[in-house]
Amino acid sequence: MATVNKKNRSKETTAIEVQSATVMVKKSPKKSAPKKAVSKKVVAKKDKTRTIRISFHLRFKTSFGQNLFILGNHPALGNGNIDTAIPLQYVNEEVWNATIQWPVDSVDTNRVYYNYLLKNHDGTTVIDAGKVHFFSIEKTTTNHLLLIDSWNHAGYNENIFYTAAFQSVLLQQNFATFAIPTPKKLTHIFNVKSPLLTKHQTLCIIGSADKMGNWKTDKPLLMNRKEGVDDFELSVDLSQQNFPIAYKYGIYDFVQKQFMQFEAGNNRIINEAAEKKKIIRINDGYTYLPSNTWKGAGLAIPVFSLKTTNSLGVGEFADLKLLADWSAKAGLKLIQILPINDTMATHSWKDSYPYAAISAFALHPLYLNLSALAGTAQKVALQNATLIGKELNALAEVDYEAVIKLKIDFAKQVYAQSGKKCLALKRFKDFFGQNKHWLVSYAAFCYLRDKYGTVDFNKWPAHQQYNAADIAALTHENADSYADIAFYYFIQYHLHLQLKDASDYAHSKGIILKGDIAIGVYRYGADTWQHPELYHMDFQAGAPPDDFAITGQNWGFPTYNWQRMQEDGFAWWKQRFEQMRDYFDAFRIDHILGFFRIWSIPLHSVEGIMGQFVPAIPVHINEFNQQGIWFNYSRYTQPYITDAVLWEIFGYDNELVKSMFLQKSTTDSYQLKPEFATQRLVEQHFMGLEQDEQHLTIKQGLYHLISNIILFDADGKGEQFHFRFNMEHTASFRYLAHETQQQLRELYINYFFRRQSDFWKQEALQKLPALKRSTHMMVCGEDLGMVPDCVPETMQQLGLLSLEIQRMPKDAIKEFFHPNNAPYLSVVTPSTHDMSTIRGWWEEDRPAIQRFYNHELGQWGEAPYYCEAWINKAIVVQHLFSPAIWSVFQLQDLLGIHGTVRRDDPALERINIPADPNHYWRYRMHVPIEDLMESNDFNEELSECIQSSGR
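Values in this document were obtained by computation on a predicted structure and should not be read as measured data.

**Side note on the overall build of the protein**
Within the protein, the regular secondary structure consists of 29 helices and 38 strands. What you see for the protein is a C-alpha radius of gyration of 32 Å, in line with the 30 Å of a compact globule of 951 residues. Here the C-alpha coordinates of the protein stretch approximately 100 × 80 × 75 Å along the principal axes. By the burial criterion, 56% of the 951 residues in the protein qualify as buried. Here the protein has roughly 42400 Å² of accessible surface; of this, 51% comes from carbon and sulfur atoms. Measuring between centres, the 98 positive side-chain charges of the protein sit 12 Å from its 102 negative side-chain charges.

The structure is reproduced here in structure tokens:
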């Protein structure tokens, strides 16, 4: 029949029967000495294993071609392996079931968790979310357990409240234990989740049966909530009741000692009566109670930007504790930071870029607190370092090179005196054992970087290619290099202790920490050295052109080899998440669009505009013919260079450019000389020349000339092509006939905005669900830029929080996004680190600000020239009153609501300029956190704004 889809074990071999199918779960027999033959009767008795029948009954509507399976944390349920998942059988459009024989020898009072797995006809799979389905088998005379389940869609609002952010911190005050006696005889067990009850409330059941009060609310059946368990449960004897039974869940308040309200929706129905020795367990998923009432506010700031009176020129992990104090005082619940991984590639200020990590795991020594590192043994050295640090702390911005030198030099002094003792500690050995998969290679990489004076391992005289045996010898405790290598173990251990201490302290204040997962890694880093197979080293990641970077962005990172990563179940990513969970409760996926498709730029290009989306479905040459386009390979794929074009780009310098960089192609066109045929070759030519205005103008003009094309040859065979982004802005396109322009435009729109969407969605669904399931943290995605239609739908389907920014609407026909229109599972913010602050933006585009002032703020008349405190406050309040679960603000935007604490010049508040690849990341707070703690008027004003919004 066609399948339809919808929404410690016994030592002997055990057969697990799944209706008509039988799955054999084998155990290796113990080896023992030969024994004498025994009677067949005795053998038969020994091999007989008592089992309990377990039936799974899933209510889920399917469509043709889909199949359902059970996947659990037990060998009898596939042991987490999709390939050995237990198949369910189709009953009807809305019901699937399966029955297995569970060995009594497998009796375990611990919960057995399982999920349902949906396999679609196209080979894709979906696993329902969370740890919702479970059972436990205790010593009992029961011989049949029926489990009635519902599918848990990952996009349900309730799922977010079962992440670490809420379970471990934000909802801890709501947890309480309710002990309701279990009847001696029971036939049915009801289990349900409802995350937003207060500590004075529990759930209850009221229904049509006598045992359920006949819909009377004065004596409801109260439900248990066990310590450390995040669900409500009730065991009841319904043996003398008439079926079917209608029921609903409700809220009961212990303080008021009364029933408060029913859940919404239709009555739930239980049809099955329990036969003798049969128990029916109903896992009802979530109650139909409001799940969008919890809202929180947070702040965003890089750690390096923090400032306290005890700082040494840069923010440190220890400063997060004082920031948590102030956040709690203001009513904030979240602190979001930028990536904090080691970026020391050049030992210059260029290492200030936090997204270019030489290790996706190692923490940056920049954030080391010297006082905590030194203890009491280094008083004199600490005093000397503090004197230098105080001078650096007085600066308005971070002096990256001076600070990192101060901290590394001091750490080496401490290591020389106490490093050996530290490395002998059990606590260190535990840390080392948990992190050696990245720590050893990272430390060896840093040692070789320093020894050979470069991170470019291709230039090292030895160890250019990572070899595990060679590195094991290099890092062995008896090796001459060990002391220098172990210095990096020492540093990472102390950074770990200090960040963990800060994280635990924030939790004690009811504050969660949100980290940032960078989309890429530095090209010459420990990750690419150790695992080159995980990356496409001949390409560079970036972003296509936008209003902030008209020639696109080239981040320089190698792109990921997703196919290779998928082969080991994304082990590298899961290790990243596991390590982040030591410190963070939530994280932001930088450029989540990269999981759908990445903007990939060849190594020979400098500007992001020379990239293309990978993967992408190319345009076949036949499609041009079908559109009636005469296809001229060189005209479309080579730079279009004529006298007119050269005059447009270079003006009076065009003759100089012709003589130095070009050669005649035809009577009326030119081509680049081979030694200048790519942007990278042009860059190398100008690298040794004086960077005067003329040289810079010509270099940029040559870049522009090289990018003056319409198509990229997809495979070099002249049959499949990718469009150059912003094709219509090129001179090559402008000089085409109008009819050809129209025909190419239709193909261009189809290529970028139609044909790829489903393809990119499937790409994301091969990665994101598995990665999300691997972590208990709250996951947010930075879904900005050129967002395909499939992205919002996919993120909603997976329960990933989106990012909504007021001046970057995702609706192309709107100039601004209003926070009132944000979905619940989202983060709203007026600005990010890649943008100017509210006050800075107010002075950038006067016409746009006027429209914003009149239409978004609803104000009459002419907009003030400067963003006065009341305007800044009005924008903050707009976001606080958004329906989004989180409103997160740059600290600068919060300070902007009060005239006395805000910075005088908003231009000094910007953290990054994406269009500048050599930007110096050095913004610091202009006041120490201690002063904010004492700014009572400001704190009261901010706290009132937050409280009045219900956050």
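Further notes follow.
**As for the pattern of salt bridges**
Under the defined criterion, the tally for this structure stands at 33 salt bridges. When the shortest N-O distance is used, the salt bridge between Asp409 and Lys405 registers 2.8 Å. Here the residue Asp409 and the residue Lys405 both occupy positions in helix H6 (residues 400–423), the gap between them amounting to four residues, near one helical turn. Lys405 sits in the exposed class, given a relative accessible area of 53%. Each member of the salt-bridge network shares a partner with another, and the members are Arg59, Glu263, Arg268 and Asp284.

**Some words on unusual backbone geometry**
Note the cis peptide between Phe243 and Pro244, where omega equals 5 degrees. Structurally, Pro244 is set in the loop between strand S15 (232–236) and strand S16 (245–253). Cis peptide bonds are those with omega within 30 degrees of zero, and the linkage from Val614 to Pro615 qualifies with -5 degrees. Examined against the element boundaries, Pro615 turns out to sit in the loop between strand S29 (612–614) and strand S30 (619–620). Despite not being glycine, Asn214 shows a phi value in the positive range, around 50 degrees. Tracing the backbone through its elements, the reader meets Asn214 in the loop between strand S13 (201–207) and strand S14 (221–222). Even without being glycine, Lys277 reaches a positive phi, approximately 60 degrees. With respect to the element layout, Lys277 can be found in the loop between strand S18 (268–270) and strand S19 (278–286).

**A word on the nonpolar core**
Judged by nonpolar contacts, the single largest core of 180 residues is most densely connected at Trp326, Trp573 and Phe723. Once residues within four sequence positions are removed from consideration, Trp573 is found in contact with Ile517, Tyr560, Trp562, Met565, Phe595 and Leu771. Counting residues in each nonpolar core, the second largest holds 28 residues, with Val132, Tyr162, Ile512 and Val888 among its members.

**Re the side chain of Arg903**
By secondary structure assignment, the location of Arg903 is in the loop between helix H27 (891–895) and helix H28 (929–934). As a buried residue without a salt bridge, Arg903 has its nearest oppositely charged side chain in Glu909, at a separation of 5.9 Å. There is a polar contact of 3.1 Å between the side chain of Arg903 and the backbone oxygen of Arg924. Those residues within four positions of Arg903 in sequence are excluded, and the remaining contacts are Ala396, Arg839, Leu908, Glu909, Tyr923, Arg924 and His926.

**As for helix H9 (residues 482–508)**
Its 27 residues place the ends of H9 39 Å apart at the C-alpha level, agreeing with the 39 Å of an ideal helix rising 1.5 Å per residue. Taken across its 27 residues, H9 has 19 buried, putting it largely inside the fold. The first or second residue beyond H9 is Gly510, which carries a positive phi of 75 degrees.

**Side note on the packing of aromatic side chains**
In the structure shown here, the tally under the stated rule is 86 aromatic pairs. Ring centres of Tyr114 and Phe135 lie 5.9 Å apart, and the angle between their planes is 50 degrees; on these two criteria the pair is classed as tilted. With Tyr114 in strand S8 (residues 108–119) and Phe135 in strand S10 (residues 133–137), this pair connects stretches of sequence that are 21 residues apart. Judged by its relative accessible area of 1%, Phe135 is buried. Summarising the aromatic geometry, the rings of Trp460 and Trp529 are spaced 5.6 Å apart at their centres and angled 70 degrees between planes, so their arrangement reads as edge-to-face. You can see Trp460 sitting in the loop between helix H7 (426–452) and helix H8 (468–474) and its partner Trp529 sitting in helix H10 (residues 526–530), a full 69 residues away along the chain. Residue classification places Trp529 among the buried residues on the basis of a relative accessible area of 2%. Note that Lys131 overlies the ring of Tyr113, its terminal NZ or CZ placed 4.3 Å from the centroid. One residue, Arg597, lies across the ring of Trp760, its end atom 5.1 Å from the ring centre.

**Some details on empty space enclosed by the protein**
Approximately 240 Å³ is the volume found for the largest cavity. Looking at the largest cavity, it is lined by 21 residues, and the ones nearest its centre are Ala300, Gln336, Arg588, Thr832 and His833. Here the residues of the lining of the largest cavity are counted per class, giving ten nonpolar, eight polar and three charged. Taken together, 14 residues make up the lining of the second largest cavity; nearest its centre are Ile340, Asn341, Asp516, Met580 and Phe584. Those elements that provide at least two residues to the lining of the second largest cavity are strand S22 (512–517) and helix H12 (571–580). Residues that form the lining of the second largest cavity fall into these classes: nine nonpolar, three polar and two charged.

**Quick look at the side chain of Gln806**
With respect to the helices, strands and loops of the structure, Gln806 is situated in the loop between strand S36 (802–805) and strand S37 (826–829). Residue classification places Gln806 among the buried positions, given a relative accessible area of 3%. A polar contact of 2.8 Å, which involves the side chain of Gln806, links it to the side chain of Gln878. Leave out the neighbours within four places in its chain, and Gln806 touches Phe816, Phe817, Pro819, Thr829, Phe852, Ile875, Gln878 and His879.

**Observations regarding the sheet that holds strand S34 (residues 720–723)**
With respect to topology, three strands assemble into an open sheet ordered S30-S34-S33, the strand pairing being antiparallel. Across the chains shown, the open sheet's two edge strands, defined by having one partner strand only, are S30 and strand S33 (711–713). Relative to S34, S30 runs antiparallel, the two sharing two bridges. Residue pairing across strands places Val619 opposite Phe721, the latter belonging to S34. Packing against the sheet, helix H20 (residues 738–753) makes contact with S30 and S34, and its axis sits at approximately 85 degrees to S34.

**Examining helix H18 (residues 693–706)**
In an α-helix, one turn spans 3.6 residues; hence positions three or four apart end up facing the same way. Under the 1.5 Å per step criterion, the end-to-end length of H18 is 20 Å for 14 residues, consistent within 8% with the ideal 20 Å. At its buried positions, H18 is contacted by helix H15 (643–650), helix H16 (654–661), strand S31 (662–666), strand S32 (669–672) and helix H17 (679–687).

**Considering the environment of Tyr853**
With respect to the helices and strands, the residue Tyr853 is situated in helix H25 (residues 846–856). Tyr853 sits in the buried class, given a relative accessible area of 6%. For the pair Tyr853 and Gly594, spaced 259 residues apart in sequence, the C-alpha to C-alpha distance is 35 Å.

**Structural notes on the packing of H7 against H9**
With their axes 8 Å apart at the nearest point, H7 and H9 run at an angle of 130 degrees to one another. Our classification of the angle between H7 and H9 gives oblique. Of the two elements, H7 crosses H9, and the hand of that crossing is right-handed. When grouped by side-chain class, the residues that make up the contact of H7 with H9 number 16 nonpolar, two polar and four charged.

**Thoughts on the packing of helix H5 (residues 379–393) against H6**
At a minimum axis separation of 11 Å, H5 and H6 run at an interaxial angle of 175 degrees. Taken together, the axes of H5 and H6 are roughly antiparallel relative to one another. Facing H5, whose interface residues are Ala381, Leu382, Ala385, Ile388, Gly389 and Leu392, H6 presents Ala402, Val403, Leu406, Phe410 and Gln413.

**Structural notes on the confidence of the model for the protein**
Of all residues in the protein, 93% attain a pLDDT of 70 or more, and the chain-wide mean is 91. Of the regions scoring below 50 in pLDDT, residues 1–47 engages in 95 contacts with residues more than four places distant in sequence or in other chains.

**Describing the environment of Asp916**
Relative to the helices and strands, Asp916 resides in the loop between H27 and H28. A relative accessible area of 33% means that Asp916 is categorised as partly exposed. Along the primary structure Asp916 and Leu334 are separated by 582 residues, whereas in three dimensions their C-alpha atoms are 30 Å apart.

**Examining the environment of Gly594**
Looking at the secondary structure, you find Gly594 in the loop between strand S27 (586–589) and strand S28 (598–602). Taking relative accessible area as the criterion, Gly594 reaches 3% and is therefore assigned buried. The sequence separation of Gly594 and Asp916 amounts to 322 residues, and the corresponding C-alpha distance is 21 Å. Not counting residues within four places of it along the chain, the set of residues in contact with Gly594 comprises Ile519 and Trp562.

Rules used throughout
- Residues numbered from 1 in each chain as written.
- Predicted model: local features only at pLDDT ≥ 70, side-chain atom pairs only at ≥ 80, totals over all residues.
- Heavy atoms only, no water.
- Helix = DSSP H or I, 4+ residues; strand = E, 2+ residues; numbered from the N terminus.
- Rg over C-alpha atoms; globule rule 2.2 N^0.38 Å.
- Buried < 20%, exposed > 50% of the residue type's maximum accessible area, 1.4 Å probe, protein only.
- Areas by Shrake-Rupley, 256 points an atom, 1.4 Å probe, with all protein chains shown as cover.
- Lys, Arg positive; Asp, Glu negative; His and termini not counted.
- Charge placed at Lys NZ, Arg CZ, Asp CG, Glu CD.
- Salt bridge = Lys/Arg side-chain N within 4 Å of Asp/Glu carboxyl O.
- Core = buried A, V, L, I, M, F, W, Y, C linked by side-chain atoms within 4.5 Å.
- Contact = heavy atoms within 4.5 Å.
- Polar contact = N/O pair within 3.5 Å; in protein donor to acceptor, adjacent residues only side chain to side chain.
- Expected span 1.5 Å × (residues − 1).
- Phe/Tyr/Trp six-rings, centres within 6.5 Å; stacked < 30°, edge-to-face > 60°.
- Lys NZ or Arg CZ within 6 Å of the ring centre and 35° of its normal.
- 1 Å grid on protein atoms, 1.4 Å probe; cavity = no way out; pocket = protein on both sides within 12 Å on 5 of 7 lines; lining within 4 Å.
- Points joined across faces, edges and corners; volume = space filled by probe spheres on them.
- Nonpolar A, V, L, I, M, F, W, Y, C, P; charged D, E, K, R; others polar.
- Pairing = 2+ DSSP bridges.
- Axes fitted to C-alpha atoms, helices over the stretch in contact; angles between N-to-C directions.
- Parallel < 35°, antiparallel > 145°, perpendicular 65-115°, else oblique.
- Left-handed = near helix turned anticlockwise from the far one by under 90°.
- pLDDT = per-residue confidence, 0-100.

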